[in-house]
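Tertiary structure, described
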Amino acid sequence: MASQVAASQVAASQVPSRVSSAAEAAPHRPGSGVPRPQVALSADFLKALARLPKAQQKKVREFTEKFRRDPTSPGINFEKLAACADSNVRSVRIDQTYRALVVHPPKGDVYLLVWVDHHDDAYAWVKSRVFEVHPRSGVLQVYSVQEAEDAVPATSGAEARDVGAEAGTEVGAAEAEQGGPRLFDEVGDEDLVFAGVPLPLLPAVRSVRGERELDALAAHLPEDAAEMLYYLAAGYSLLDAIDEIGRTEEAAREGQVDTQDFGAALRRPQTQRKFRIPEDEHELASILDAPLEQWRVFLHPSQRRLVEMNARGPVRVLGGAGTGKTVVLMHRARHLAKNVFHGEHDRILVTTFTRNLALDLRRNLRNLCGPELARIEVAPIYTWASGFLKRQGHQVNVIPNPKRRPLMAQAVDQLGGELPESFYLDEWERVVLAQEVESRDEYLTARRTGRGTRLSRRQRLEVWKVMERYRELLQERGCVEWDDVLKEARRLLERGAAGAGISAVLADEVQDLTPSALRLLRAIPPADANALFLVGDGHQRIYGQPVPLSSCGIEIRGRSRRLKLNYRTTAQIRGYAVGVLENERIDDLDGGVDTLQGYHSLRHGPVPEVKHYTKESQEADRIVQAIKAWLETTPAEEICLTARTHRLLEDRYKPILENQGIATCTVETDPEGEASRPGVRLATMHRLKGLEFPKVLIAGVSEGVVPYAFQGADDDPEARDAWDRQERCLFYVATTRARDELVVTGFGERSRFLVTPPS
C-alpha cells in the first residue's frame, strides 16, 4: 500500500452533500410502500440521558418512543442550529428547557439521536462536532476537530487548514523543524486515513510525539481510529491492526463507501460499538430503562465475532481485566438460546466458580435477555453438580471448608506424620484431588509438578497412609469433598446419565476451577459444536493452581481467542495494575504463557495515588480525606473501600469512616439486594471479583497483609512462590475494579507489591 495519498481525492470522497432540514424528508405513511424511517441511539445519547433529573428522563423517554414510531411526524419540530460544524444536526424540543439533538443524513431514512441536555449545554456540546461516514472504513464517526487540536501540542493553524495533495510531506517537514521524531513518522498519510483517521484530524495525529500525547488525543478521536493508532504505535502492521479490531475492508478497498449512506454505515460492526437501532418497542424500553448499562447494547466487533461464531469444538477466550469477557459470555448465552439451541428441551448452562459471581451473572442475564432466559440456567459448577447427583438419587454431604484442616491435623497426629502439618492438606488438594488419585499405586506415580518438597518412595508411602486416614475420617462423618461431588457427577454422565437437557455450557473465570470441575464441564454437553465456551484470565487467578485444559480433555487448538480492549478502567489505572504483575510468568490456561501485549484502554483519568505511612493514624486521615472529597461529586454507592480480609474491614476501616459520620454498607453476597442500602461500599478483595466502582480505595497494603502471610511449609519454596503469585493476582484484581480513580494506602512495613504509578 502506498504511503502517501492525494489528500484532495480523500477530501472529495469524504465531504457529503447537505440537506437544509431533517424535516424535509418524505413522511412515512403506513401502507404507502415508503420504507419506515429508523432511529438509531448513540452511546453518547444514553450517557447524557442517564445524567438528567428523573422528571426530565421521563419526558425524554416519552419523546424517544414517539420519535421512534415516526420521526417524520408533523408534531416534531426540527430546528436548524446556527454556527454548527455539521449542517445535518437539528435540535428537537423536549420542553421549555431541554433539547434533543438529531442528525439526519442527506440520503436514506435513518435518524440519529446523539445527545440530550439543557438547551445551552446541548448546543455547546454539538457546536464543533461532526457526524460523518469515513470514506475508507465506512464507519460512522463522531469527532471534534477543535477538541482534538486542543488535546496535543498545537501545529500552526495554517498547517491544520492547508492539507493539499502534498499534506504528508509538508506536515512532516514542519514537525522536523519543531525537533524530535513523531510517533507516526513511519506511517504514511494514506495508511493513517485507511486506519480510520478522519482527514481533518491528520495534523493532530501527526503532531503526537509519544504514547502520553496519544493518550491525551485518543479521548477526542473516533474510537475505531484511536484503537487502530494504539496498535500502530505498538508496532502492529496496518493489516494486522485491522484484523485485531475486526474491521471488514472489502468495500473500502474497492472504493465503494457511500459517505452519504448512514444506513449502510450502521450495519458495520465498528459503527455498532457506538450506535444501535432498537429492534422493537420492547428492546427500546429495555435500553431506556438502564441507559448506563451500555454493555447490553453495544459490542466491539471482536466481541460480536465471539458471540456469533460457529465453533466446531471447545472455545477458550482470554483477556485482561475489563476487556468484556463476561459480557461476551452472556451475549453468547443469549445468542445460543435464541438462535442455536432453541428447541423445547434445550437448555444452556452458565456457570462459574463462586456463588457470588453466579448471582451477578443471573442478575445481568435477567436484564439482558427476553423470553430466551427461560432456557438459560445459571449456577456455580459445584451447585449444579450437587443438584444433578441429588436428582440421580445420591446423598450429598460436603465437609465445610473450616473443618477440613482440623480433620487433616487429626489424621497426621494419629499416624505421626513427619512432615509439617500444612504440607498434607496442600498435597491432598494439589495432587490427590487434582489428579483424582484413589490408590497407593496411583499416588506413587502421580505427578507432583510445582510441589517444592521432594519425596522419596518411603516418604510417599508414609504420606499416602495419612491421605487414606483422612479419607476414612471423612467417611466416618458421612462427608465428601466438593471435588468428589464433581467427579461422581462426571462419571454418571460418562455412564450415560441424562444431563438435564444441557446442550451447551458457558463457564466464566475458568482459571479458578479445579481439574475435576473442568473435566465435568467437558462431560455435560453431549455434542461438540458450540457446546463449550470457556472464559478466563490467568492474571486474575485467586484460587487454585494452573491446570492445562488439554489435561482435562478440553482441546482448544485453533479455537483460542483473545480480547485486548479494556472498557472498564482508564489507561492510567490499567498501567498501574499491569505493573503489579510485571515479570510474573502467567499461564494461558493450557500450559503456555499468557501476555498482556496489546492490552489497552481508550479512557483516561488521573494517575493512581499510592500513599504509604509510618503510622496507622496517618493512613486513617488520608482515607477520610479521600472519601470525603469523592463524596462531594460521587454517590456513596459508587465508592468502594477494599481490604485484604473481612476482619480488617470490620475492625479497622469501617470504624474509621463511621466515626467521621460516613455511612457504610458491606458488600457480602447480593449486591442487588444491598443496592437500596446507603453508604460507601466495603468489600474484601476476594468479594470485589466481578464488581466495579468509579472510585476505589485499597487500604492496608502493608507487608504481612498484602501479601497475606504464607500458610504453607517453610521449606517449600515453590509453594511459597505460587502463594506470592496468587496474592499478586488478588491485588491486581482489586486495582482493576476501579473505573475512574484509584487510591492505595498502607502503613508500617511497606508492601513489596507496591509499585510506582506510571506518570
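Bear in mind the structure is a predicted one, so any value in this text is a computation, not a measurement.

1. Looking at the overall build of the protein chain
- The helix and strand inventory of the protein chain stands at 30 helices and 22 strands.
- Scored against the burial criterion, the 759 residues of the protein chain give a buried share of 57%.
- In the protein chain, 75% of the contacts between residues at least 6 apart in sequence involve partners at least 24 apart.
- Looking at the protein chain as shown, the accessible area adds up to about 32000 Å², and 47% of this sits on carbon and sulfur atoms.

2. As for the packing of aromatic side chains
- Enumeration over the complete set of coordinates arrives at 16 aromatic pairs.
- Aromatic pair Trp384 and Phe388: ring centres 5.2 Å apart, planes at 5°, arrangement stacked. Separated by four residues within a single helix, Trp384 and Phe388 lie in helix H19 (residues 381–391), roughly one turn from each other. Phe388 carries the same exposure label as Trp384, and that label is buried.
- The rings of Phe63, Phe67, Phe78 and Tyr111 are connected pair by pair, giving a single aromatic cluster.
- Taking the ring centre of Tyr443 as reference, the NZ or CZ of Arg460 above it sits at 5.7 Å.

3. A short note on the sheet that holds strand S5 (residues 110–118)
- Strand order in the open sheet formed by six strands is S2-S3-S4-S5-S1-S8, and the pairing between neighbours is mixed. The sheet is open, and its two borders are formed by strand S2 (78–80) and strand S8 (275–276), each paired with just one other strand.
- With respect to the sheet, helix H2 (residues 43–50) is in contact with strand S1 (38–42) and S5, its orientation differing from that of S5 by roughly 30°.
- The strands touched by helix H3 (residues 54–69) are S1, S2, strand S3 (89–93), strand S4 (98–103) and S5; relative to S5, the strand with the most contacts, the crossing angle is about 165°.

4. Considering the side chain of Gln270
- Within the secondary structure, Gln270 sits in the loop between helix H14 (262–266) and S8.
- Engagement of the side chain of Gln270 in a polar contact is seen with the backbone oxygen of Ile245, the distance being 2.8 Å.

5. Overview of the packing of H3 against helix H15 (residues 281–289)
- Direction vectors running N to C along H3 and H15 enclose 155°, while the axes themselves pass 11 Å from each other. Here H15 runs roughly antiparallel to H3, going by the angle between their axes. You can see that H3 and H15 cross each other, and the crossing is right-handed. Taken together, the residues of H15 that come into contact with H3 (itself represented by Arg61, Thr64, Glu65, Arg68 and Arg69) are Glu281, Leu284, Ala285, Leu288 and Asp289.

6. Observations regarding helix H30 (residues 717–735)
- For H30, with 19 residues, the first-to-last C-alpha span of 27 Å sits near the 27 Å given by 1.5 Å per residue.
- Considered for burial, the residues of H30 that qualify are Ala719, Asp724, Gln726, Glu727, Arg728, Cys729, Leu730, Phe731, Tyr732, Val733, Ala734 and Thr735.
- Buried positions along H30 lie against helix H26 (571–580), strand S21 (693–698) and strand S22 (738–747).

7. Considering the pattern of salt bridges
- The final tally for this structure, using the stated rule, is 56 salt bridges.
- With a closest N to O distance of 2.8 Å, Glu372 and Arg334 form a salt bridge. Taken together, the residues Glu372 in the loop between helix H18 (355–368) and strand S11 (376–378) and Arg334 in helix H17 (residues 325–340) connect sequence positions 38 residues apart.
- With its nearest N and O atoms 3.0 Å apart, the salt bridge here joins Glu438 to Arg491. Taken as a pair, Glu438 in the loop between helix H21 (421–433) and helix H22 (440–444) and Arg491 in helix H24 (residues 482–494) lie far apart in primary sequence, 53 residues in all.
- Each of Glu584, Glu703, Asp724, Arg725, Arg728 and Arg752 takes part in salt bridges that share partners, so that together they form one network.

8. Regarding the sheet that holds strand S18 (residues 639–643)
- Across the sheet, which stays open at both edges, the six strands sit in the order S17-S22-S21-S18-S20-S19 with parallel pairing between neighbours. Both outer strands of the open sheet, strand S17 (609–613) and strand S19 (664–666), are each paired with one neighbouring strand and no more. Here the average twist between neighbouring strands, direction ignored, is 20°.
- Where S18 lies against S21, four bridges are found, and the strand directions are parallel. The partner of Leu641 across the bridge, within S21, is Leu697.

9. Focus on the nonpolar core
- Core analysis: the biggest nonpolar cluster contains 47 residues, and Leu41, Phe67, Leu112, Leu113 and Val114 have the highest contact counts within it.
- The greatest single-element share of this core, amounting to seven residues, is contributed by S5.
- Apart from the residues lying within four places of it in its own chain, the contact partners of Val114 are Ser42, Asp44, Phe45, Leu101, Val103, Trp125, Phe131 and Phe275.
- Judged by nonpolar contacts, the second largest core, of 36 residues, contains Ala379, Val485, Val505 and Ala517.

10. Description of the confidence of the model for the protein chain
- For the protein chain, the average pLDDT comes to 87, and 89% of its residues sit at 70 or higher.
- Contacts of residues 155–177 to residues separated by more than four positions or lying in other chains number 27 contacts, the stretch itself having pLDDT below 50.

11. Comments concerning unusual backbone geometry
- Here the amide bond leading from Val706 into Pro707 is cis, since omega sits at 5°, within 30 degrees of zero.
- For Pro707, the location among the structural elements is in the loop between S21 and H30.
- Look at Asn583: it is not a glycine, yet its phi comes out positive at around 75°.
- Non-glycine residue Leu589 carries a positive phi angle of around 75°.
- In this structure, Leu589 sits in the loop between H26 and strand S16 (600–601).

12. With respect to the side chain of Gln572
- Checked against the element boundaries, Gln572 lands in helix H26.
- Excluding residues within four positions of it along the chain, Gln572 makes contact with Arg603, His604, Gly605, Pro606, Val607 and Pro608.

13. Regarding the packing of helix H12 (residues 238–245) against helix H16 (residues 301–308)
- Where H12 meets H16, the closest approach of the two axes is 7 Å, and the angle between their N-to-C directions is 55°. Of the possible angle classes, the one that applies to H12 and H16 is oblique. Along its contact with H12, which presents Asp243, Glu244 and Ile245, the element H16 presents Pro301, Ser302 and Arg305.
- Here the residues of the contact of H12 with H16 are counted per class, giving two nonpolar, one polar and three charged.

14. Here's the deal with the pairing of strand S12 (residues 502–507)
- For S12, the tally of buried residues reaches six of six residues, placing the bulk of the element in the interior.
- Relative to S12, strand S10 (residues 347–351) is paired through five bridges, and the arrangement is parallel. If you follow Ile348 over to S12, its bridge partner there is Ala504.
- As judged from the three bridges shared by S12 and strand S13 (residues 532–536), these two strands associate in the parallel manner.

Quick notes on the rules
Residues numbered from 1 in each chain as written. Predicted model: local features only at pLDDT ≥ 70, side-chain atom pairs only at ≥ 80, totals over all residues. Heavy atoms only, no water. Helix = DSSP H or I, 4+ residues; strand = E, 2+ residues; numbered from the N terminus. Buried < 20%, exposed > 50% of the residue type's maximum accessible area, 1.4 Å probe, protein only. Contact = heavy atoms within 4.5 Å. Areas by Shrake-Rupley, 256 points an atom, 1.4 Å probe, with all protein chains shown as cover. Phe/Tyr/Trp six-rings, centres within 6.5 Å; stacked < 30°, edge-to-face > 60°. Lys NZ or Arg CZ within 6 Å of the ring centre and 35° of its normal. Pairing = 2+ DSSP bridges. Axes fitted to C-alpha atoms, helices over the stretch in contact; angles between N-to-C directions. Polar contact = N/O pair within 3.5 Å; in protein donor to acceptor, adjacent residues only side chain to side chain. Parallel < 35°, antiparallel > 145°, perpendicular 65-115°, else oblique. Left-handed = near helix turned anticlockwise from the far one by under 90°. Expected span 1.5 Å × (residues − 1). Salt bridge = Lys/Arg side-chain N within 4 Å of Asp/Glu carboxyl O. Core = buried A, V, L, I, M, F, W, Y, C linked by side-chain atoms within 4.5 Å. pLDDT = per-residue confidence, 0-100. Nonpolar A, V, L, I, M, F, W, Y, C, P; charged D, E, K, R; others polar.

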